[in-house]
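Chains, contacts and geometry: an overview
Residues per chain are reported as follows:
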Amino acid sequence: MTELLTFTPEGIYCPAGDFHIDPWLPVDRALITHGHADHARDGMGAYLATRAAAPVMRHRLGDVRIDTVDYGEVTTHNGVQVSFHPAGHVPGSAQIRIEHKGEVWVCSGDYKTVDDGLSEPFEPVRCHAFITESTFGLPVFKWTPQDILARQINDWWASNAAAGTYSLLSCYALGKAQRLLRSVDPSIGPILTHGAIENTNEVLRGQGIALPDTIRVTPVLDAKAHKGALVLATPSALNSNWARRFKPGSTAFASGWMALRGVRRRRAADRGFIVSDHADWAGLNDAIGQTGAERIFVTHGYTSVFSRWLSEQGYDAQVVQTEFDGETLDADDDA
């Protein structure tokens, strides 16, 4: 008996529907969960994604063929029914539901269960088999509540601004940056952005997503005219020549990895804010429980530990090898 979804060298494949989901090698037909570079790659014959994810994908991939659907809209591929449902990861992100002959699988891509006020909130989807990430699949990972996170960042920025110090904050260009922008208090001072972040801001503003005013950092920008600014930097830019113009400066990472003791110190950062666009330990377990699935496939992250934990809870769980990255402190999401 052929599985509804299989795991091939090109990526996750549906033999009956003849399509791939988030493939990492070129294929004819790719269904894409969201626009991060490890899930939406160049070279596919045709793409299918949510209407909300397509603008960022076009910005990053160029002139490619992208067909779009709304959340919940059902399309049929060789008799296989497919629909996209909110994943809560970044704007436009989706879980992909596949149904054929009464069997339902869900490929979740990346997801989080906390409503961040920016992304379409996560929607549990009932299924027989669920493909999950486990980027933060350890009990130590527990995210700071939204209101407390906003207060922590604003207090740090305000203190630095009062001293005439720049606040350099490392974050991904898609999702994390805009989530932080929606959380900060623009009355504290100006907000400067790395070009990759500002490019994404422009795309999302074009979709009607409200963000505070920001100033793109260019080679001719007079940094001294913006003392005390909040500076949003991509991870690779934080310790580069790009960031060295902002002196004196206080540096911080906004990442789920800040939950691990010693990470901030090893990165020589002044502050670490515990926040991620991936599910934490509780979120992963809650999401899986709400699917009702008996079979769980774990794709990336703490795969062996999380798969073993799920097996101990009574699930038929196994690890599958993929080329998805999750969240890192070193690489940019659009690298």
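So, here's what we can say about the structure. (Residues numbered from 1 in each chain as written. Predicted model: local features only at pLDDT ≥ 70, side-chain atom pairs only at ≥ 80, totals over all residues. Heavy atoms only, no water.)

**As for the overall build of the chain**
Keep this limit in mind: A run of H or I in DSSP becomes a helix once it reaches four residues, and a run of E becomes a strand once it reaches two; helices and strands are each numbered from the N terminus. Two things to know: the radius of gyration comes from C-alpha atoms, and the globule rule equals 2.2 Å times the number of residues to the power 0.38. Each residue is placed in one exposure class: buried if its accessible area under a 1.4 Å probe, protein chains only, is under 20% of its type's maximum, exposed if it is over 50%, and partly exposed if it falls in between. When checking whether two residues touch, look at their non-hydrogen atoms; a contact exists if any pair is within 4.5 Å.
When helices and strands are tallied, the chain shows 8 helices and 19 strands. The C-alpha atoms of the chain give a radius of gyration of 20 Å, which matches the 20 Å a tight globule of 335 residues would have. With the C-alpha coordinates aligned to their principal axes, the bounding extent of the chain is approximately 65 × 45 × 30 Å. Across the 335 residues of the chain, 58% fall into the buried class. Put simply, of all contacts in the chain between residues at least 6 apart along the chain, 60% involve residues at least 24 apart.

**Section: empty space enclosed by the protein**
The criterion, for reference: Only protein atoms enter the 1 Å grid used here. Points where a 1.4 Å probe fits but cannot escape make up a cavity, open sets with protein on both sides within 12 Å along at least five of seven lines make up a pocket, and a residue lines them when an atom lies within 4 Å of a point. Grid points are joined across faces, edges and corners, and a volume is the space filled by probe spheres set on the points. Classification convention: Asp, Glu, Lys, Arg as charged; Ala, Val, Leu, Ile, Met, Phe, Trp, Tyr, Cys, Pro as nonpolar; all other residues, Gly among them, as polar.
Applying the stated criterion across every chain, the model contains 2 cavities of 30 Å³ or more. What the largest cavity holds in volume is close to 70 Å³. Ser-170, Cys-171, Tyr-172, Lys-176, Pro-235, Phe-253, Ala-254, Ser-255, Glu-327, Thr-328 and Leu-329 together form the lining of the largest cavity. Taken together, the residues of the lining of the largest cavity break down into 6 nonpolar, 3 polar and 2 charged. In this structure, the second largest cavity encloses a volume near 50 Å³. Those elements giving two or more residues to the lining of the second largest cavity turn out to be β11 (129–134) and β18 (295–301). Of the residues forming the lining of the second largest cavity, the biggest block, 3 residues, is contributed by β11. For the lining of the second largest cavity, a count of residues per class yields 4 nonpolar, 6 polar and 2 charged.

**Looking at the sheet that holds strand β8 (residues 80–86)**
Rules: Strand pairing follows a simple DSSP-based rule, namely that at least 2 bridges must link the two strands. For helices, the axis comes from a line fit to the C-alpha atoms of the stretch in contact; other axes are also lines fit to C-alpha atoms, and the angle between any two N-to-C directions lies between 0 and 180 degrees.
Read from one edge to the other, the open sheet built from 7 strands follows the order β7-β8-β9-β10-β11-β18-β19, with strand pairing classed as mixed. One side of each edge strand has no neighbouring strand; the edge strands of this open sheet are β7 (74–77) and β19 (316–319). Recorded for the sheet is a direction-independent mean angle of 25° between the axes of neighbouring strands. Summarising the sheet, strand β10 (residues 103–107) and β11 pair through 3 bridges and their orientation is parallel. When the sheet's bridge partners are listed, Cys-107 is paired in β11 with Ile-131. Relative to β11, helix α7 (residues 281–291) is tilted by about 175°, and along the sheet it contacts β11 and β18. Packed onto the sheet, helix α8 (residues 303–312) meets β11, β18 and β19 and runs at close to 160° relative to β18.

**Let's talk about the pattern of salt bridges**
To be explicit about the condition: By definition, a salt bridge exists where a carboxyl oxygen of Asp or Glu is found within 4 Å of a side-chain nitrogen of Lys or Arg.
Taken as a whole and judged by the stated rule, the model has 13 salt bridges. Among the salt bridges present, the one from Arg-97 reaches Glu-99, with a minimum N-O distance of 2.8 Å. Note on Glu-99: relative accessible area 22%, which makes it partly exposed. Among the salt bridges present, the one from Arg-205 reaches Glu-198, with a minimum N-O distance of 3.1 Å. We classify Arg-205 as partly exposed; its relative accessible area is 28%. Here Glu-198 falls in the buried class, since its relative accessible area comes to 5%. Linked by salt bridges that have partners in common, Lys-112, Asp-116, Arg-179 and Asp-277 make up one network.

**Details of the packing of α7 against α8**
Each pair of packed helices gets described by two things: the angle between the helix axes and the distance between those axes. As a reminder of what qualifies: The cut-offs work like this: below 35 degrees is roughly parallel, past 145 is roughly antiparallel, 65 to 115 is roughly perpendicular, and the gaps in between are oblique. Two helices that cross are described as forming a left-handed crossing if the nearer one is turned anticlockwise from the farther one by less than a right angle, and a right-handed crossing if clockwise.
Two numbers describe how α7 lies on α8: the axes approach to 13 Å, and their chain directions differ by 45°. On the basis of the axis angle, α7 is oblique to α8. For the element pair α7 and α8, the recorded crossing hand is right-handed. The segment α7 lies against α8, with Trp-281, Leu-284, Asn-285 and Ile-288 engaging Phe-306, Trp-309 and Leu-310.

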